[in-house]
Amino acid sequence: FFLLRSNRTMTSTPLNAALAAETKANPPKPVEVVRLEYAPLKYVVSKVSLDFKLYTGRTLVESVLTVTDNDLQKGESDVGGEDGLVLDGEEATVKLLALSVDGCEGALVADVDYIMKPGKLIIKGDTIRRGASKNENVMVVRTTVEIVPEDNTQLSGLYKSGDMYCTQCEAEGFRRITYYPDRPDVMATFEQVRVEANAKDFPVLLSNGNLVKEGTCEGGTNGDTRKFAVWSDPFPKPSYLFALVAGDLGCLEDSFTTMSGRNVALRFYSEHKNVSKLSYAVESLKRAMKWDEDAFGLEYDLDLFNVVAVESFNMGAMENKSLNVFNTSCVLADPKTSSDANYFRVEGIIGHEYFHNWTGNRVTCRDWFQLTLKEGLTVFRDQQFSGQINNCAAVTRISNVLTVRGMQFKEDAGPMSHPIRPDAYIAMDNFYTATVYRKGAEVIRMYDTILGTGGFRKGMDLYFKRHDGSAVTCDDFLAAMADANDTDLSQFSRWYSTSGTPTVTYVSSFDEEKGLFVIGLSQTSRSDEPLFIPVALGLLDKETGEEVLPTTVLELKEMNQTFTFPVKGEVVPSILRNFSAPVKMVPASGVVNESDMAFLASNDTDGFNRWDSAQQLYAAAILKVMDRKEYAETLDLVLSTFGATLKDASISDDAIRAYALILPGESTLAEAVTVVDPPAIRNARKFVKKAIAKKFKTELTAAYEKLTACVEADTVFKVDGESTGRRRLRNVYLGYLCALDETAEEQIEAAKIATAQFEAASGMTDKLAAFNCLVSMSGEGSSARDAAIQKFYDDANGDPLVIDKWFACLASADLPDLLDRVVKLTNHPDFTLKVPNRCRAVILSFTASAAFHDDNGKGYEFLGDMLEKIDKVNSRVSARTTASSFLSWK
């Protein structure tokens, strides 16, 4: 099947060698891609067969492409007006050794039969049609290329991670493997993928779909036995979902029975030493598969589901059809090396990638401008899964909103601001952003809020009925939601094209004589016309705290609207419950009613708003301290609210109590000021935290000791809501107690309690919390700090994920000489720029600290030097590091 045809253009000098030399000497200028200029290709690929022969330092890839006319395009091709088949390929990494069209006699002639352009191979329409006329009207193109995965430090395409070969093709990595129409609207059936490699070094050979055949063959360079495996995927997919893995891997196997009775084999692969850390991921996948059946009626569609853990990986994970590839940090977990946050992350990302099987794979994006169509929708689905499966909807919602406010709002306010569906891009990899993912998920959530859970499900059912097996747009999704519910959502579509964070201003009044509560809402955004903003509202009796109006969704569709409610007495409004829209909600006066926030923090029946009210009150105190305004009265309210929450016996969920006691993060506080001064924000936050710790030291100590006894008595490690909540709350108490460090006596006491927890910890959660406290200690706590740093490193015993935690904690320590310490970390033997996890652990942890923004500018100088080095190794990591580090720049 893969034998070379006699008419194939085959030469020792690559057909694209001259082009590769030219583009290396004179790199082409970046080209902006514009959404409104989208046009389908004239010719597309309907079937694909691939043959990979992996050798050390050289991999050969043969492809057979069955080409068809595109029913969606009857005019010219969208590339330079060429009437031909347009194939993408990076000549710098892909050497084109052979090219032929079935039915065409003799060698194809450059510039006559085909055209080479930077990043493109265009086979002329006349050539394809000439071949088809002599080949039973079937258009078939064959290529042979050579690539070197070992040199691929960009980790895009086919590359070597340790002793394993693996791929990452989203967004445009497949063109680094072979020539192909590498765009999501070309959905082809990968009928046969044959992978061949040294049998001893690569006994596991994986690709998409079902395993058809495997065995041994000849062809080794030194007479070594070779192994091959042939895979077939019956479902059409775009090239970005192609995957290949080859290595000496261990496997943990399980199974899942779908709702129709099909038995699905589940196989999780990793290095042999890590197989014991795969169990939680396997169980998470089974929970996700069952949840998707129950929540959306979506069943897995193949008999096999493979997952592979890869250490060197640019992203968190990749949803390749039936062969998910995961960053090790998102799939490996055990109590000794993983914190509760790691466990939750594993479960969430396992769910996310599995849910992509329908929202991303079966129905995919027409073009990359529609990225939020699959990512925003799937993030929403994984959030719902995590909240429901663990019976912790409020905690999950708080965690998600913290990310939106801390990352996405910052992105909206800075130079990277863009709508969830961008209008143009130069490098698509730069649009894997918090806006596309997180704000995109909030937009999907608003559909659910407006239409109700039942209406949202109806919309999803219609979406799959209409578009299964297709590449579609955000407009198609909106149409399905509107049509299924017989409602007009045309105004809602403005969310897709509006950048920035909208602001909703509110003012309320009570007419005692008429018994009416009136609330006025006004919106401002970057949209020329008003957005459709769902504002969830509840009302609580000001005297009793009783809820007099359960959650009601107000549909804000105009620039200014007024809503009236009959009430029997004064009420306190609980506005934007459950964060019903990704907006900033501010009072018309510009000043938060602090007494109302304190009231809601103690009485609100909405778990999210109860937490959020306390956060607003805490933020008010911190910002007053920072601005050197009178803060005594506000701080008294903070102390009163904190104390009430600390002692409130009605709070049965330790995780809810923990969140309610934590002060807003520095990134969240930065969103509330016009000019961001990170050191000033950190110092003001520390001041308020110390004030709370001093006031409640006795109560905090007693509560900490009580929970310590519970933790020590629980000899069986669990990741259930009760256990994780208890650990979270205990570590919040520890953080407050360690904040008392002004005197030598306090420093000794803080070091003692943190060291005791660090040494006694039976799991990573408690150990890491104590370590985070210890690394920032100075004065009398210095010796305890240094001892913990050495012990944590020694205990890691070379485990990459634990070493990453060690680097991250040290790079974010609150110490005056942090930059000097970080520079030393970059010279540590375990530091490398070639592994994204390690690079991010140090660089991004440091740039998230206040020390990065020191007035002397040395932090920025350090980052510039590091980015120059990273860019030479992996430009994708350097680009994302830059974007993440300067999101708040204005």
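Not measured: the values here are computed from a predicted model.

## Remarks on the side chain of Asn-874
Point 1. With respect to the helices and strands, the residue Asn-874 is situated in the loop between helix H23 (858–873) and helix H24 (875–885).
Point 2. By relative accessible area, which is 2% here, Asn-874 ends up buried.
Point 3. Setting aside anything within four residues of it in sequence, one finds Asn-874 in contact with Thr-153, Gln-154, Leu-155, Asn-314 and Pro-836.

## Examining the sheet that holds strand S18 (residues 263–270)
Point 1. With respect to topology, five strands assemble into an open sheet ordered S17-S18-S19-S21-S20, the strand pairing being mixed. The open sheet has two edge strands with one neighbour each: strand S17 (250–257) and strand S20 (317–318).
Point 2. Strand direction decides the pairing type here: S20 and strand S21 (residues 323–327), joined by two bridges, are antiparallel. Each residue of the ladder has a partner; that of Met-318, found in S21, is Val-325.
Point 3. Contacts between helix H3 (residues 279–296) and the sheet are confined to S17, S18 and strand S19 (304–310), with S17 contributing the most and set at about 25 degrees to the helix.
Point 4. Against the sheet, helix H4 (residues 340–355) touches S18, S19, S20 and S21, its axis set at about 150 degrees to S21.

## Quick word on a negative patch on the surface
Point 1. Taken together, the side chains of Asp-163, Asp-201, Asp-224, Asp-248 and Glu-271 define an acidic patch exposed on the protein surface.
Point 2. Looking at the element boundaries, Asp-248 is found in the loop between strand S16 (244–247) and S17.

## Quick look at H3
Given 3.6 residues per helical turn, the α-helix brings residues three or four places apart onto the same face.
Point 1. Taking 1.5 Å of rise per residue, 18 residues should cover 26 Å, and H3 covers 26 Å from first to last C-alpha, within 8% of that figure.
Point 2. For H3, the complete set of buried residues consists of Tyr-280, Ala-281, Val-282, Ser-284, Leu-285, Ala-288, Met-289, Trp-291, Asp-292, Glu-293 and Phe-296.
Point 3. Directly beyond the C-terminal end of H3, a positive phi value near 70 degrees is found at Gly-297.

## Topic: unusual backbone geometry
Point 1. Put simply, Glu-170 and Ala-171 share a cis peptide bond, and its omega is 5 degrees.
Point 2. Among the secondary structure elements, Ala-171 is positioned in the loop between strand S11 (164–168) and strand S12 (189–198).
Point 3. Positive phi, normally seen in glycine, also occurs at Ser-322, with a value near 65 degrees.
Point 4. Looking at the element boundaries, Ser-322 is found in the loop between S20 and S21.

## Brief notes about the packing of helix H10 (residues 607–626) against helix H14 (residues 678–695)
Point 1. Direction vectors running N to C along H10 and H14 enclose 120 degrees, while the axes themselves pass 8 Å from each other. The angle between H10 and H14 falls in the class oblique. Taken as a pair, H10 and H14 cross one another with a handedness that is right-handed. Residues Ala-621, Ile-622, Val-625 and Met-626 of H10 form the contact with H14, whose own contacting residues are Ala-680, Ile-681, Ala-684, Arg-685, Phe-687 and Val-688.
Point 2. Residue composition of the contact of H10 with H14, grouped by class: nine nonpolar, no polar and one charged.

## Some details on the nonpolar core
Point 1. Val-331, Tyr-447, Phe-456, Phe-477, Phe-492 and Ile-519 are the most contacted members of the largest nonpolar core, which totals 100 residues.
Point 2. Element by element, the count of residues in this core is highest for helix H7 (residues 434–467), at 12 residues.
Point 3. The residues contacting Val-331, other than those within four sequence positions of it, are Phe-268, Lys-277, Leu-278, Ala-281, Val-307, Ala-309, Phe-326, Val-346 and Ile-350.
Point 4. Within the second largest apolar cluster, 91 residues are counted, among which are Ile-789, Phe-831, Phe-862 and Leu-863.

## Side note on the pairing of strand S26 (residues 516–524)
Point 1. Of the pairings in the sheet, the one linking strand S25 (residues 503–511) to S26 comprises nine bridges and is antiparallel in character. Within S26, the residue paired with Ser-509 across the bridge is Val-518.
Point 2. What sits between the antiparallel neighbours S25 and S26 is a turn of four residues, in which Gly-515 has the positive phi angle 65 degrees.
Point 3. For S26 and strand S29 (residues 560–566), the ladder comprises seven bridges, and the chain directions are antiparallel.

## What about the packing of helix H22 (residues 836–847) against H23?
Point 1. Where H22 contacts H23, the axes come no closer than 11 Å and their chain directions differ by 155 degrees. The pairing of H22 with H23 is recorded here as roughly antiparallel in orientation. Considering the relative orientation of H22 and H23, their crossing is left-handed. Each of Cys-839, Ile-843, Phe-846 and Thr-847 in H22 lies in contact with H23, whose residues at this interface are Gly-859, Phe-862, Leu-863, Met-866 and Ile-870.
Point 2. Its residues assigned to classes, the contact of H22 with H23 comprises seven nonpolar, two polar and no charged.

## What to know about the side chain of Glu-347
Point 1. By secondary structure assignment, the location of Glu-347 is in helix H4.
Point 2. Judged by relative accessible area, which is 1%, Glu-347 ranks as buried.
Point 3. Ignoring any residue separated from it by four or fewer positions in sequence, one finds Glu-347 in contact with Tyr-280, Ser-284, Arg-287, Phe-385, Ile-389 and Asn-390.

Each value, and the rule that gives it
Residues numbered from 1 in each chain as written. Predicted model: local features only at pLDDT ≥ 70, side-chain atom pairs only at ≥ 80, totals over all residues. Heavy atoms only, no water. Helix = DSSP H or I, 4+ residues; strand = E, 2+ residues; numbered from the N terminus. Buried < 20%, exposed > 50% of the residue type's maximum accessible area, 1.4 Å probe, protein only. Contact = heavy atoms within 4.5 Å. Pairing = 2+ DSSP bridges. Axes fitted to C-alpha atoms, helices over the stretch in contact; angles between N-to-C directions. Patch = residues over 30% accessible without salt bridge, like charges linked within 9 Å, V, L, I, M, F, W, Y side chains within 5 Å. Areas by Shrake-Rupley, 256 points an atom, 1.4 Å probe, with all protein chains shown as cover. Salt bridge = Lys/Arg side-chain N within 4 Å of Asp/Glu carboxyl O. Lys, Arg positive; Asp, Glu negative; His and termini not counted. Charge placed at Lys NZ, Arg CZ, Asp CG, Glu CD. Expected span 1.5 Å × (residues − 1). Parallel < 35°, antiparallel > 145°, perpendicular 65-115°, else oblique. Left-handed = near helix turned anticlockwise from the far one by under 90°. Nonpolar A, V, L, I, M, F, W, Y, C, P; charged D, E, K, R; others polar. Core = buried A, V, L, I, M, F, W, Y, C linked by side-chain atoms within 4.5 Å.

Keep in mind these numbers describe shape, not what the thing actually does.
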